Amino acid sequence: MSRFLNSSLKGLVPYTPGEQPQNKKYVKLNTNESPFPPSEKALDSIGRCELGDLRLYSDPVCRGVRERLARVLGVETENTVVTNGSDEALNFFFASFCENGVVFNDITYGFYKVFADLYSLDYTEIPLLPDFSVDVDKFIAINKNVVIANPNAPTGLALPLSVIEEIVRSNPENIVLVDEAYIDFGGESAVPLTKKYDNLLVVGTFSKSRSLAGARIGYAVGSKELISDMHAIRYSTNPYNVNRLTLKIAEAVLDDNGYYMNNCRRIIENREYATAELRRRGFSVLDSKANFIFAKSEKIPGEEYYLRLKEKGVLVRHFTNPRICEYNRITIGTKEDMDVLLSATDEIFKELSI
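Note that the structure is predicted; figures quoted are calculated from it, not measured.

Attention now moves to the pattern of salt bridges. According to the stated counting rule, one finds 24 salt bridges in the structure shown. With a shortest N-O distance of 3.3 Å, lysine 138 and aspartate 135 are connected by a salt bridge. Residue aspartate 184 is joined to arginine 210 by a salt bridge in which the shortest nitrogen-to-oxygen separation is 3.4 Å. With aspartate 184 in the loop between strand S6 (176-179) and strand S7 (200-205) and arginine 210 in the loop between S7 and strand S8 (218-222), the pair connects residues that are 26 residues apart, well separated along the chain. Looking at aspartate 184, the relative accessible area reads 26%, which means it is partly exposed.

In C-alpha cells, the structure reads:
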C-alpha cells in the first residue's frame, strides 16, 4: 500500500473473489454462477438501438426494473432500490447505518468483515455452532445492527422464516439485514416481513438465480423510510449506478421470471443428486438450500482435493479458515457438470488407492 493511503485503511484486507481463469477451460464450480444462460427474451432485449442509446445516461430512478421487481416480489415500487450488484446495497448499509455497531457470523460472506473494516466500524463476529448452524440466541435482543446471510455462505444452511422474524422483532431499534443472494434455491424469503417490520432490510441479487452475474445488478427491499435513506446514499455517490444495458436486460429477465424459477428447480435437482452421490463416496455434505454444497472427505485433506480437482480441470472453492479448511464449496452446475466432478473424484480416489 502506498504512503498516501489513509492511515485507517493501512491494515485493510480486501475481499478475495473466486478464481476467474482466462488461460484454460475448466468446469467452473467455484463462484456460484448459474450454469444456464439468460432466457431468449433477455438475449433479444439488446439490439443496435439499445447499443446506440449508450450515448445517453441510464435512468437514475431505475423505474422499469423497480416496477417489475415489486410485482415479482409482491411489494410496492417505493419499497425497492436497485443497485450495482447486491454488494453495492451491502456497501450502502455498512456505510450509512452501522455507526453504533454491527454483528454477523464468523463464517459467512467475507465482504461483511471487509465493509466493517473499511468504515472502521465496531463489529462482532458470532461463531457458528459446531454443526455450522447459526447460534440464534446470540442475535436475539443484541441491540446492534444484524447481518445474516440466509441461506448462509459457504455452508448453504438456511434459517426458517419464523427464526428470522424472531431476530427482527427482538431488535426493534436496530436494522436487521437479511442477505438473500441464494434464496431462490430452497429458502424462505423474508421479503413479506418488510410489510410488518420497519427495521428489516432484505438484499437480493440477479447474479445467481437469474443468470446475470456479469451484468452486476442487485436490489434491496424494506420500509419506505429505509429505502428512502438508501436512495439518498445512492444519489450522493452515483445516481447512474446501473448501466442502460443491464437495466434493459433485467426488465426482460423479470418479465420472463418463470424461465428462471424453472432453472432453480433444475439446480435443486442437481444439488440433491450431487449430494447423494458424494455421500455415497463417503463425503460429509451439509444440507444446502443454496446453489452450492459444502463437502469434506475424511479420505483426503480439503486443500489436496481442491488442487487435484483443479489439475483435472474442475474448479471448486477452497477456504483457508482453520474451521472450514477441510471443506470445499462446490457450485451446482448442470447434471453433466456434476458427473464430471464425480468422475474426477473417482479418478483421484483411484490414484490415491482410497
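Here we come to the pairing of S6. Along S6, one buried face is formed by Val176 and Val178 and the opposite face, lined by Leu177 and Asp179, is buried too. Where strand S5 (residues 145-149) lies against S6, four bridges are found, and the strand directions are parallel. By the bridge assignment for S6, alanine 149 is matched with aspartate 179. Note that S6 and S7 share four bridges and pair parallel. By the bridge assignment, leucine 177 is partnered in S7 with leucine 201.

So, on to the packing of aromatic side chains. One pass over the structure, following the stated rule, counts 19 aromatic pairs. Each ring, one from phenylalanine 283 and one from tyrosine 305, has its centre 5.3 Å from the other, and the planes form 50 degrees; the classification is tilted. On the criterion of sequence distance, the pair formed by phenylalanine 283 in strand S9 (residues 283-285) and tyrosine 305 in helix H10 (residues 302-311) is long-range, its members being 22 residues apart. An aromatic cluster of three or more residues is present, and its members are Phe93, Phe94, Phe97, Phe104, Tyr109, Phe111, Tyr112, Phe115 and Tyr123. Its guanidinium or amino end placed over the ring of phenylalanine 292, arginine 329 lies 5.7 Å from that ring's centre, counting from NZ or CZ. Sitting over the ring of tyrosine 273, lysine 335 keeps its end group 4.4 Å from the ring centre.

On to unusual backbone geometry. Going from asparagine 150 to proline 151, the amide bond is cis rather than trans, its omega being 0 degrees. Structurally, proline 151 is set in the loop between S5 and helix H6 (161-169). A cis geometry characterises the amide bond from alanine 153 onward to proline 154, with omega recorded as 10 degrees. As for its position among the elements, proline 154 is in the loop between S5 and H6. With a phi angle near 65 degrees, asparagine 143 is a residue other than glycine that sits in the positive phi range.

Quick look at the nonpolar core now. Counting 49 residues, the largest nonpolar core has Phe139, Ile164, Ile167, Leu200, Phe206 and Ile217 as the members making the most contacts within it. When residues of this core are traced back to their parent elements, those giving at least two are helix H3 (63-73), S5, H6, S6, S7, S8 and helix H8 (244-255). Looking at which element gives the most residues to this core, the answer is H8, with six residues. For leucine 200, the residues in contact, after removing those within four places along its chain, are Val168, Val176, Val178, Ala190, Leu193, Thr194, Val221, Gly222, Ser223 and Leu226. Membership of the second largest hydrophobic core comes to 31 residues, among which are Val27, Tyr182, Leu278 and Ile293.

Let us look at the pairing of S7. Burial runs high along S7: six of the six residues are buried. Residues Leu200, Val202 and Gly204 line one face of S7 and the alternating positions Leu201, Val203 and Thr205 line the opposite face, and both faces are buried. Relative to S8, S7 runs antiparallel, the two being bridged by five bridges. In the strand pairing of S8, valine 202 is matched with valine 221.

As summarised here, the arrangement of the seven strands in space is S2-S8-S7-S6-S5-S3-S4, forming an open sheet in which the pairing is mixed. For this open sheet the edge positions go to strand S2 (80-83) and strand S4 (123-126), each flanked by a neighbour on one side alone. The average angle at which neighbouring strand axes cross in this sheet is 20 degrees, direction not considered. As defined by bridge partners, S2 adjoins S8 across four bridges and the pair is classed as antiparallel. Bridge pairing in S8 places threonine 83 opposite glycine 218. The sheet strands contacting helix H5 (residues 111-118) are strand S3 (102-105), S4, S5 and S6, and the helix crosses S4 at an angle near 160 degrees. Across the sheet, helix H7 (residues 224-237) touches S2, S7 and S8, and the angle it forms with S2 is around 30 degrees.

In space, the four strands of this open sheet follow the order S9-S10-S13-S12, with antiparallel pairing throughout. Sheet topology places S9 and strand S12 (317-318) at the edges, where each strand pairs with a single neighbour. As defined by bridge partners, S12 adjoins strand S13 (residues 328-331) across two bridges and the pair is classed as antiparallel. Paired with histidine 318 across the bridge in S13 is asparagine 328.

What counts and how
Think of each chain on its own: its residues are numbered from 1, step by step along the sequence as written. Where local features are concerned, this predicted model is filtered to residues with pLDDT of at least 70; where side-chain atom pairs are given and counted, the filter is 80 or more; whole-chain, interface and lining totals use all residues. Excluding hydrogens and water, the side-chain figures rest on all heavy atoms present in the structure. Salt bridge, as used here: a side-chain nitrogen of Lys or Arg that lies within 4 Å of a carboxyl oxygen of Asp or Glu. Secondary structure elements are defined from DSSP: runs of H or I of at least 4 residues count as helices, runs of E of at least 2 residues count as strands, and each element is numbered from the N terminus. Three labels apply to residues, based on accessible area from a 1.4 Å probe with only protein chains included: buried if under 20% of the type maximum, exposed if over 50%, partly exposed otherwise in between. Note: two strands are recorded as paired if DSSP finds a minimum of 2 bridges between them. Under the pairing criterion, centres of Phe, Tyr and Trp rings, with the six-membered ring standing for Trp, must be within 6.5 Å; the plane angle then separates stacked pairs below 30 degrees from edge-to-face pairs above 60, leaving the rest tilted. We count a charge as sitting over a ring when the NZ of a lysine or the CZ of an arginine lies within 6 Å of the ring centre and within 35 degrees of the ring normal. Only buried residues count toward a nonpolar core, which is a set of Ala, Val, Leu, Ile, Met, Phe, Trp, Tyr and Cys residues joined through side-chain atoms within 4.5 Å. Residue contacts are defined here by distance: any two heavy atoms, one from each residue, within 4.5 Å place the two residues in contact. For helices, the fitted line uses only the C-alpha atoms of the stretch in contact; every axis is such a line through C-alpha atoms, and the angle between N-to-C directions lies from 0 to 180 degrees.

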